[in-house]
Amino acid sequence: MPGIIGRKIGMTSIYSAEGKATPCTVIEAGPCVVTQLKTQDRDGYDAVQLGFGEKKENRTTSALKGHFKKANTTPKAKLVEFKGFDNLNVGDVILANIFEEGEYVGVKGTSKGKGFQGVVKRHGFGGVGQSTHGQHNRLRAPGSIGACSYPARVFKGMRMAGQMGNSTVTIENLQVLKVIEEKNLLVVKGSIPGAKGSTVIIEK
Amino acid sequence: MDIIKTLQNELTEQKQHPAFKSGDNITVSYRIVEGNKERIQTFQGVVIQRRGSGATETFTVRKMSGNVGVERIFPINSPFIESIALNKSGYVRRARIFYFRERTGKAARIREKKHFAHQK
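Parameters and conventions
- Residues numbered from 1 in each chain as written.
- Chains lettered and ligands numbered in written order.
- Predicted model: local features only at pLDDT ≥ 70, side-chain atom pairs only at ≥ 80, totals over all residues.
- Heavy atoms only, no water.
- Salt bridge = Lys/Arg side-chain N within 4 Å of Asp/Glu carboxyl O.
- Buried < 20%, exposed > 50% of the residue type's maximum accessible area, 1.4 Å probe, protein only.
- Domains from an automatic or database assignment.
- Buried area = accessible area lost by both parts, 1.4 Å probe.
- Polar contact = N/O pair within 3.5 Å; in protein donor to acceptor, adjacent residues only side chain to side chain.
- Helix = DSSP H or I, 4+ residues; strand = E, 2+ residues; numbered from the N terminus.
- Core = buried A, V, L, I, M, F, W, Y, C linked by side-chain atoms within 4.5 Å.
- Contact = heavy atoms within 4.5 Å.

S.K.: If you had to explain the pattern of salt bridges to someone new, which residues and values would you point to?
M.R.: Residues and elements named next belong to chain B. Taken as a whole and assessed by the stated rule, the structure comprises 11 salt bridges over all chains. In this structure, R50 engages E57 in a salt bridge whose closest nitrogen and oxygen atoms are separated by 2.7 Å. With a relative accessible area of 15%, E57 lands in the buried category. One connected set of salt bridges, linked through shared partners, spans R31, E38 and E82.

S.K.: Describe the domain arrangement of chain A, with residues and values.
M.R.: Residues and elements named next belong to chain A. What the domain assignment reports for chain A is domain 1 (3-119 + 169-203) and domain 2 (120-164). A straight line from the C-alpha centre of domain 1 to that of domain 2 covers 40 Å. Summing both sides of the interface, domain 1 and domain 2 together bury roughly 800 Å²; the carbon and sulfur share of this comes to 62%. When the buried area of domain 1 at its contact with domain 2 is split by residue, K114, Q117 and V119 rank highest and sum to 70% of it. On inspection of domain 1 and its partner domain 2, the count reaches zero salt bridges. Run the count over domain 1 and domain 2 and you get nine residue pairs in polar contact (both at pLDDT 80 or more). Per-element accounting of the side of domain 1 that touches domain 2 gives the leading share, three residues, to strand 8 (residues 115-117).

S.K.: Any chance you could break down the nonpolar core for me, citing the residues and the numbers?
M.R.: In summary, soluble globular proteins display a tendency toward joint burial of nonpolar side chains. Membership of the largest hydrophobic core comes to 27 residues, with the highest contact counts inside it found for I27, L50, I94, V105, V107, L186 and I202 of chain A. With near-sequence residues (within four places) excluded, I94 of chain A lies in contact with I4, G30, P31, C32, V34, L50, F85 and L88 of chain A. Formed by 13 residues, the second largest nonpolar core is a distinct cluster that contains I26, F43, V47 and F59 of chain B.

Right under this line is the structure:
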């Protein structure tokens, strides 16, 4: 799917034509530079590699410096491959205007990290028992995780405590409410994963 | 953050309403759409709080309907708000007068702010 790399700016609300306040997220989408073309002959598949965001020259490895030099561009912080683009050349610039207002997009990002969390927060368990009347220490415990001698093991995928958040999350079917071409901004309906300033991938 | 503020200014039409704050008694005239018909309804009461900033700012108005308290939250830039009229400006010490909800009868009075000649 053709897409673009962007940066989450933050959330606000705008009024629709009927006057309803709609929650929306502002994304700075692009400008992205085509840094490499993957071809069927050479790489076994067709794709376009886009670069977004500036990076300091002295923090770029020599290998990547050469890669960016080929595309005749400055070092980019994030490189992502997309399929579905046609007629692009290395060095072309892709802007937010590849999207239209009213179109539906998917946004992929890294969700906010919540650390190591118990089952109540992580999976919405109810906890065990009540907080008073002789309750000892089972308030936020998971309860039973299975039977005894049969199956004599814990099933795979049993929901338990562990790392929550900081994982790649895609939210699909978000409507594009506004495309502001001169500032390369996209306004999509609803929320998207990640913190303000985090890199996101917007796909058609 | 600045990008959001400039965007809000561009996308939201900000209306000119009289300045009011919590403790003030205001009348909000707002449009109601019923089927195909539109009419204007008013809501008169005391402002309990103003919340948020910029295009997403809201305010809460509380009135007594009989002996039942009714509160309505309006977005200040809502296109449905026709006009806001300031009836009385009240003297309160807090920006959010939630204690006002527990008051009834004579206790639920707000001293009117005195306007001196040099302040006008």
